[in-house]
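# A structural walkthrough
So the chains spell out like this:
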Amino acid sequence: QVQLVESGGGLVQPGGSLRLSCAASGSMFSYNTMGWYRQAPGKQRELVARISSVGSTNYADSVKGRFTISRDNAKKTVYLQMSSLKPEDTAVYYCSWGATYWGQGTQVTVSS
């Protein structure tokens, strides 16, 4: 079993930056794709970015060039560096291990 705990959310002005972290427990962390998803009020959860066990990445078109996903297998942690944030990035952000285990989510609010 994998347990995930997100941190780093908060309130930020448009154009600002935040870094989300997701710390995992369990020995299986390094063997699967990790992903960041988000869900805005009234909308379905959507994939933001994911990173494979060997570091291959892909991003939603809406965040390409602004967000960067990375992982540190030794620390069992995955990160999401978010820059040039927009109000439409406001959502609860969740990390996922293999789209099987999920964290509790962290709120990101982009507003002036």
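Residues numbered from 1 in each chain as written. Predicted model: local features only at pLDDT ≥ 70, side-chain atom pairs only at ≥ 80, totals over all residues. Heavy atoms only, no water.

### Brief notes about the overall build of the protein
For the protein, the helix and strand inventory stands at zero helices and eleven strands. Going from the N terminus to the C terminus, the protein shows its helices and strands as β-β-β-β-β-β-β-β-β-β-β. The globule rule puts the C-alpha radius of gyration for 112 residues at 13 Å, and the 13 Å found for the protein is close to it. Based on the C-alpha atoms only, the size of the protein along its principal axes is roughly 40 × 25 × 25 Å. Scored against the burial criterion, the 112 residues of the protein give a buried share of 40%. Long-range pairs, those at least 24 residues apart, make up 52% of the contacts in the protein between residues at least 6 apart in sequence. Of the roughly 5800 Å² of accessible surface on the protein, a fraction of 46% belongs to carbon and sulfur atoms. Distance from the positive charge centre (11 side chains) to the negative charge centre (6 side chains) of the protein: 4 Å. (Helix = DSSP H or I, 4+ residues; strand = E, 2+ residues; numbered from the N terminus. Rg over C-alpha atoms; globule rule 2.2 N^0.38 Å. Buried < 20%, exposed > 50% of the residue type's maximum accessible area, 1.4 Å probe, protein only. Contact = heavy atoms within 4.5 Å. Areas by Shrake-Rupley, 256 points an atom, 1.4 Å probe, with all protein chains shown as cover. Lys, Arg positive; Asp, Glu negative; His and termini not counted. Charge placed at Lys NZ, Arg CZ, Asp CG, Glu CD.)

### Quick notes on the state of the cysteines
Cysteine pairs can be linked by a disulfide, which is a covalent bond between their two sulfur atoms. Applying the stated rule across the entire model yields one disulfide. At a sulfur-sulfur separation of 1.9 Å, the disulfide partner of cysteine 22 is cysteine 95. Taken together, the residues span a long stretch of sequence, with cysteine 22 in strand S3 (residues 18-25) and cysteine 95 in strand S9 (residues 91-97) at a distance of 73 residues. Both residues of the pair, cysteine 22 and cysteine 95, count as buried. (Disulfide = S-S within 2.5 Å.)

### Describing the packing of aromatic side chains
Scanning the model with the defined rule gives two aromatic pairs in all. With 4.8 Å between their ring centres and 65° between their planes, tyrosine 37 and tryptophan 102 make a pair best called edge-to-face. Of this pair, tyrosine 37 sits in strand S4 (residues 34-39) while tryptophan 102 is found in strand S10 (residues 101-102), placing the two residues 65 residues apart along the sequence. Under the relative-accessibility criterion, tryptophan 102 is labelled partly exposed at 34%. Here tryptophan 97 and tyrosine 101 contribute two aromatic rings whose centre-to-centre distance is 5.7 Å and whose plane-to-plane angle is 50°, an arrangement assigned as tilted. Owing to a relative accessible area of 11%, tryptophan 97 belongs among the buried residues under this scheme. One residue, arginine 45, lies across the ring of tyrosine 94, its end atom 3.8 Å from the ring centre. (Phe/Tyr/Trp six-rings, centres within 6.5 Å; stacked < 30°, edge-to-face > 60°. Lys NZ or Arg CZ within 6 Å of the ring centre and 35° of its normal.)

### Some details on the pattern of salt bridges
Applying the stated criterion across every chain, the model contains four salt bridges. Aspartate 89 serves as the salt-bridge partner of arginine 38, at 2.9 Å between the closest nitrogen and oxygen. Placement of the pair is arginine 38 in strand S4 and aspartate 89 in the loop between strand S8 (77-82) and S9, with a sequence separation of 51 residues. For the pair arginine 38 and aspartate 89, a shared accessibility class is recorded, and that class is buried. Taken together, the shared-partner salt bridges connect Arg38, Glu46, Arg66 and Asp89 into one network. (Salt bridge = Lys/Arg side-chain N within 4 Å of Asp/Glu carboxyl O.)

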